[in-house]
Each structure stands twice: as C-alpha cells, then as structure tokens.
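Residue-level listing of the chains:
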Amino acid sequence: MKSLNIHQIRELLPHRYPMLLVDRVLDWEAGKKITAIKNVTANEEFFNGHFPNHPVMPGVLIIEALAQTAAIFAFMSYASKLDKDALVYFATIDSARFKRPVEPGDQLVMEAELIRSSRGMWKFRTRGLVDGQLAVEAELMCAIRGGVVAQKAES
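Computed from a predicted model, the values in this text were never measured in an experiment.

Conventions we followed
- Residues numbered from 1 in each chain as written.
- Predicted model: local features only at pLDDT ≥ 70, side-chain atom pairs only at ≥ 80, totals over all residues.
- Heavy atoms only, no water.
- Helix = DSSP H or I, 4+ residues; strand = E, 2+ residues; numbered from the N terminus.
- Buried < 20%, exposed > 50% of the residue type's maximum accessible area, 1.4 Å probe, protein only.
- Contact = heavy atoms within 4.5 Å.
- pLDDT = per-residue confidence, 0-100.
- Pairing = 2+ DSSP bridges.
- Core = buried A, V, L, I, M, F, W, Y, C linked by side-chain atoms within 4.5 Å.
- Salt bridge = Lys/Arg side-chain N within 4 Å of Asp/Glu carboxyl O.

Enquirer: Any chance you could explain the environment of Ala42 here in plain terms?
Expert: Along the polypeptide, Ala42 turns up in the loop between β2 (33-39) and α2 (59-78). Among the residues examined, Ala42 registers a relative accessible area of 62% and is labelled exposed. Separated by 61 residues in the primary sequence, Ala42 and Glu103 place their C-alpha atoms 8.1 Å from one another. Those residues in contact with Ala42 that sit more than four places away from it in its chain are Phe47 and Pro104.

Enquirer: Could you clarify how one ought to interpret the confidence of the model for the protein chain in this entry?
Expert: Low-confidence regions, as indicated by low pLDDT, have predicted coordinates that should not be scrutinised in detail. Scored by pLDDT, the protein chain has a mean of 91; 90% of the residues are at 70 or more. Low confidence marks residues 151-155, where pLDDT is under 50. Its contacts with residues over four positions away, or in another chain, come to 14 contacts.

Enquirer: Just checking my understanding: could you explain the pairing of β2 for this structure?
Expert: Look at any regular strand and the pattern is simple: side chains alternate between the two faces of the sheet. Burial within β2 is extensive, with five of its seven residues counted as buried. Judged from the five bridges that link them, strand β1 (residues 24-29) and β2 form a sheet pairing that is antiparallel. Counterpart to Val25 in the pairing with β2 is Ala36. Hairpin connection of β1 to β2: three residues between the antiparallel strands, including Gly31 at a positive phi of 75°. In the sheet, β2 pairs with strand β4 (residues 107-118) via seven bridges, with the strands oriented antiparallel. Its bridge partner being in β4, Ile37 is matched across the sheet by Val109.

Enquirer: Looking at this structure, I do not really get the nonpolar core. What am I missing?
Expert: In a soluble, globular protein the nonpolar side chains are often hidden away together inside. With 43 residues, the main nonpolar core has Ile9, Val25, Met57, Ile72, Val102, Trp122 and Phe124 as its most contacted residues. Take this core: its biggest share by element is 14 residues, from α2. Among residues more than four places away in sequence, those in contact with Ile72 are Leu4, Ile9, Leu12, Leu13, Val22, Val25 and Ile34.

Enquirer: Help me understand the pattern of salt bridges in this model?
Expert: Where charged atoms from two side chains of opposite charge approach closely, those side chains can pair. Counting across every chain of the model gives five salt bridges. Between Glu111 and Arg127 there is a salt bridge whose closest N-O contact spans 2.9 Å. Note that Glu111 is positioned in strand β4 and Arg127 in strand β5 (residues 121-130), a separation of 16 residues in sequence. The closest approach of N and O atoms between Lys123 and Glu139, which form a salt bridge, is 3.3 Å. Of this pair, Lys123 sits in strand β5 while Glu139 sits in strand β6 (residues 133-145); the two residues are 16 residues apart in sequence, bridging distant segments of the chain. Judged by its relative accessible area of 14%, Lys123 falls in the buried class.

Spelled out as structure tokens, the structure:
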C-alpha cells in the first residue's frame, strides 16, 4: 500500500486552501490507479452559498477533486522527470454523471483508473463514492505542461 498524507500531497499539487480538495491518498499503483479521500466538512466555504438551508458540495468541485486525484497520480508516475514548474491542466470531461449529493460529514472516496497516457496526455476513468454508494463518475483527460524534463509514454 502506498499512501500520501496532506504534506506530501502539497509537495505535488500547487493548489492551496480553499482549492486543495484531496486530503489523503489511500493507495496507488503505478500505471494503473489511485484512491484518495476528501473529508467534506460543514465549514467548507462553498456551503455558505450552496445551499444555506440544504448544503450540497457543488458538482464542479467534486469533478475538480477527482481531477486533483488524477493529477497526483500523473505527478507520481513521472517521479523525477518533472521540475517545480510542471502543472496538470484539464483537457476534457466526458460522461459525467452525478448519482447522489455529497453533503457535510461525508467522506468522498475518489478513484481514478488510468485508461491511457501518451506524450503528456492522460485519460482516466474516475468515480467518487460516499459510504460505498456511487456519487459521481466521469472520464477525465488532463495534460502535463511546463517543467517536463523528459516525456514518458505508457498505455
């Protein structure tokens, strides 16, 4: 089992509060998949307006959390081939489906499985679960740009 704590995640991702949406990596397997968590707390800033009387985590932030999980996987896969200027950008979001709301007190378990990668482009099948129930699923594609010392292609 390969896990990362919040300090190790902060070394990989440029995001900071309030946009850092991954609290811990539970496990990852190079070239295959990653599992991470977001602990959704009542004091998240977005709950003040979405929605005050029935707080629900915005879908775009759930997708962002999945993308950050995938970005961690991509960064870890490149290991020493990146410098501090490398960033992972969204390229596409396909087949996004929201199945249940994510609310304060939930733990969002995020999974990203690598479909393919080539020349700095990465495609993932992602899922977010709460209490074992599917909350969201989507296919995401991202691109690593800037700071790439050497390209690595995988399938």
